[in-house]
Amino acid sequence: MSVDLATRLIDVLGGLLLFSTLLILAAGQLFRAIYAVAVQSVFLAIAGAVLGAATGNPDLWIIAGITIVVKAILLPWLLIWVVRRIQIPREIEPVIPINATLGLAAGIVVLAFRLSASLGPVRQAITGNALPVGIALILLGVLVMASRRKALVQMVGLFASDNGIFFTGMAVSQGMPLIIEIGVILDVVLGALVMGILVLRVRSSVDTDIADLEDLRG
Amino acid sequence: MDNTAAIGKIVAQAGLLVLLGPLVTGFIQKLKARLQCRQGASLWQPYRDLAKLLRKGTVQSDSASPFFRAIPVLVLAATVTTTVMLPVLWAPAGAARLPMGDAILLLALLALARFLCAIGALDAGGAFGGMGASREMTVGLLVEPAMMMAVFSVAVAGGTTDLVHLAARRGMLPALAWQAPDLLALFAMLVLALAETGRIPVDNPDTHLELTMLHEGMLLEHSGPGLACIVLATHTKQIVILTLVAALFFPLGLAEGSEPLEIALAGGALFAKLFALATFLGLVESSYAKLRFFRVPQFLGLGLVCAFLALALRIL
């Protein structure tokens, strides 16, 4: 695959990744947010495959495959299973109104592009605009975690943030060493499992929500 | 090129657009009916409705001012005028074209039609008219700036706000010069098109239930030929929005000269694009519930943010 075509594809995929993150932020229902993050992971995997084809680095193909299996199928499935299991209301409970979150998101994306302009030398020829998009994805994931009350949606934010880290990694280094990528994925899976089990246990033993923990005083 | 021929072409394609408008509505209604396992009305039903309305007499509220009579005609005139600014079949590149107006004028005329419609609804003094007008203007407040930004995002890349030049220039570039901002602008336009054509997540075109209607609420006081004018304006506005999306993002197959083959190709491309976009509208309308009015700003907020980012990414 020619470098020019790869740059263009990565650019378009960056736009799609940004859009799917906005969908997570705009989702009013739990399932929509989960589906949106699954879609985002699919786009990330495609980006990995495109980069793998462009650079001839076989590790990126493996990463793309793992991303599809783990992040696009396994983790969303786990989240949906937990939601079905604990039977909570399906609405997302935002801390600040969703429209305000969207406004903040627009500011964050503009900021990410503005700031990464000063990182000129880091930008690589093949990945073009991927660095600012990756930074924006990380920050938007953090925004989801900060502005939602439910633990499950905060997990969705964590996945979005993690996807951003992957995309940034690809953009800057054209594929980190395989062992590091697998380690990061394992971390996320482990975190998701622990959080899922925690949510289930908290729910079944004391019938409360994560947000109520804030009221605890030592 | 001879000026008369150019004007003839522009008028011909504008007329084609106005004539096709009701057909698009009929197609969407047919698609919805089929998805609900109904036979549905014929594709030509909107034309029959228009013909029926034109034959009827007019009844007018006592409290309406004389201006009320003129409103349907003005709304229709403002909407139909926008059709001459779009590349429908012909998009001659370069200077071989008369300046008919650009995207800014197009959006302004649509806003003018919306304003006139709302004024008419307020003028008649009906309670539903006032409510419909207030809701329509609220939606307009969210849709219009977002649409401006989405159009500007594409216009910045093309270096002109003239839609015909834009489409002609872009149609020649490899892969239509698609970039990330184009994608975001396209998503924004698709979200906004649902609102602007009065389709289901925002408005319900099939109902006259007072609590759910936006656009229909403003039409209640009109009757007979006046109502026919406004309904035709609604059909035209829908096809104008769809053609605008096609012109901005898929300017393929537009004819440059006037050979029959080229024109046939352009006609086929036009039908394909309208078919795809109308199917999108029909599918969305069949698979979503209408949003509560206070949730609409959240839905449109997504379009607004996408449009803003499309413009911001283009400039940064």
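Since the model is a prediction, treat every value here as computed from it, not as a measurement.

Quick look at the overall build of chain B now. Of the regular secondary structure elements, chain B holds 11 helices and 0 strands. Reading the secondary structure of chain B in the N-to-C direction produces α-α-α-α-α-α-α-α-α-α-α. Taken against the 2.2 N^0.38 rule, which gives 20 Å for 316 residues, the C-alpha radius of gyration of chain B at 19 Å falls within 12% of a compact globule. C-alpha extents for chain B along the principal axes are approximately 55 × 45 × 40 Å. Counting the 316 residues in chain B, one finds 47% classified as buried. Summarising the internal contacts of chain B: among those between residues at least 6 apart in sequence, 81% fall at separations of at least 24.

This part covers the overall build of chain A. Across its full length, chain A carries 7 helices and 0 strands. Starting at the N terminus, the α and β elements of chain A follow one another as α-α-α-α-α-α-α. A compact globule built from 218 residues would reach a C-alpha radius of gyration of about 17 Å, and chain A, at 18 Å, matches this within 12%. Considering only C-alpha atoms, chain A reaches an extent of 55 × 35 × 30 Å along its principal axes.

Another aspect to go through is the environment of F271(B). Residue and element names in this part refer to chain B. As for its position among the elements, F271 is in helix α10 (residues 260–287). Look at F271 and you get exposed, because 11 C-beta atoms sit within 10 Å. For the pair F271 and L20, spaced 251 residues apart in the sequence, the C-alpha separation amounts to 9.9 Å.

Here we take up helix α11 (residues 296–315) of chain B. Spanning 20 residues, α11(B) covers 29 Å between terminal C-alpha atoms, matching the ideal 28 Å at 1.5 Å per step. Within α11(B), 15 of the 20 residues are buried, which leaves it mostly tucked inside the rest of the structure.

It is worth spelling out the interface of chain A and chain B at this point. Across the contact, 20 residues belong to chain A and 18 residues belong to chain B. For the side of chain A that touches chain B, the secondary-structure elements that each account for two or more residues are α1 (3–26) and α4 (98–116) of chain A. Class assignment for the residues of the side of chain A that touches chain B results in 13 nonpolar, 5 polar and 2 charged.

The subject of this paragraph is the confidence of the model for chain B. Residue and element names in this part refer to chain B. In the predicted model, chain B carries a mean pLDDT of 88, and 95% of its residues have values of at least 70. For chain B, helix α6 (residues 163–172) is the element with the lowest average pLDDT, namely 83, and helix α2 (residues 45–55) is the one with the highest, namely 95. Interface confidence for the predicted complex, expressed as ipTM, amounts to 0.84; the pTM equals 0.89.

Grouped together as the largest cluster of nonpolar side chains are 160 residues, with contacts concentrated most on V156(A), L184(B), A188(B), C306(B), A307(B) and A310(B). A per-element tally of this core places helix α9 (residues 224–249) of chain B first, with 17 residues. The contact partners of V156(A), leaving out residues within four places of it in the chain, are I24(A), A33(A), I34(A), V37(A) and V144(A).

Across its 26 residues, α9(B) extends 38 Å between first and last C-alpha, which sits within 8% of the 38 Å expected from 1.5 Å per residue. Within α9(B), 24 of the 26 residues are buried, which leaves the element mostly enclosed by the surrounding structure.

Moving on to the environment of A47(A). Residue and element names in this part refer to chain A. By the secondary structure assignment, A47 is in helix α2 (residues 30–55). Once the C-alpha coordinates of A47 and G103 are considered, the two residues, 56 residues apart in sequence, prove to be 27 Å apart. Not counting the four nearest positions on each side in its chain, A47 is found in contact with I10, L13, F167 and M170.

Our next topic: the environment of A38(A). Residues and elements named next belong to chain A. Relative to the helices and strands, A38 is located in helix α2. The exposure class of A38 is buried, given the 20 C-beta atoms found within 10 Å. Sequence spacing of A38 and V153 is 115 residues, and the spatial spacing of their C-alpha atoms is 13 Å. Apart from residues no more than four positions distant in its own chain, A38 is found in contact with A72 and P76.

Right, let's talk about the packing of helix α1 (residues 3–35) of chain B against α2(B) for a bit. Residue and element names in this part refer to chain B. As a packed pair, α1 and α2 sit with axes 7 Å apart at the nearest point and diverge in direction by 125°. With respect to their mutual orientation, α1 and α2 come out oblique. Contacts between α1 and α2 pair P22, T25 and G26 from the former with Q45, P46, Y47 and L50 from the latter. Here the contact of α1 with α2 is composed, by residue class, of 4 nonpolar, 3 polar and no charged.

Time to look at unusual backbone geometry. All names here are of chain B. Positive phi outside glycine occurs at C37, with the angle close to 60°. In this fold, C37 is placed in the loop between α1 and α2. A count of 7 C-beta atoms within 10 Å places C37 in the exposed class.

Residues and elements named next belong to chain B. Remark: helix α3 (residues 67–82) packs on α9, axes separated minimally by 8 Å, with the N-to-C direction vectors making an angle of 20°. Considered as vectors, α3 and α9 are oriented roughly parallel to each other. The element α3 and its partner α9 pack so that their crossing is left-handed. Every residue of α9 that contacts α3 at P72, V73, V75, L76, T79, V80 and T82 is listed here: G226, C229, I230, L232, A233, T236, K237 and V240.

So, how was this worked out
Residues numbered from 1 in each chain as written. Chains lettered and ligands numbered in written order. Predicted model: local features only at pLDDT ≥ 70, side-chain atom pairs only at ≥ 80, totals over all residues. Helix = DSSP H or I, 4+ residues; strand = E, 2+ residues; numbered from the N terminus. Rg over C-alpha atoms; globule rule 2.2 N^0.38 Å. Buried ≥ 20, exposed ≤ 12 C-beta atoms within 10 Å, placed from the backbone. Contact = placed C-beta atoms within 7 Å. Expected span 1.5 Å × (residues − 1). Nonpolar A, V, L, I, M, F, W, Y, C, P; charged D, E, K, R; others polar. pLDDT = per-residue confidence, 0-100. Core = buried A, V, L, I, M, F, W, Y, C linked by C-beta atoms within 7 Å. Axes fitted to C-alpha atoms, helices over the stretch in contact; angles between N-to-C directions. Parallel < 35°, antiparallel > 145°, perpendicular 65-115°, else oblique. Left-handed = near helix turned anticlockwise from the far one by under 90°.

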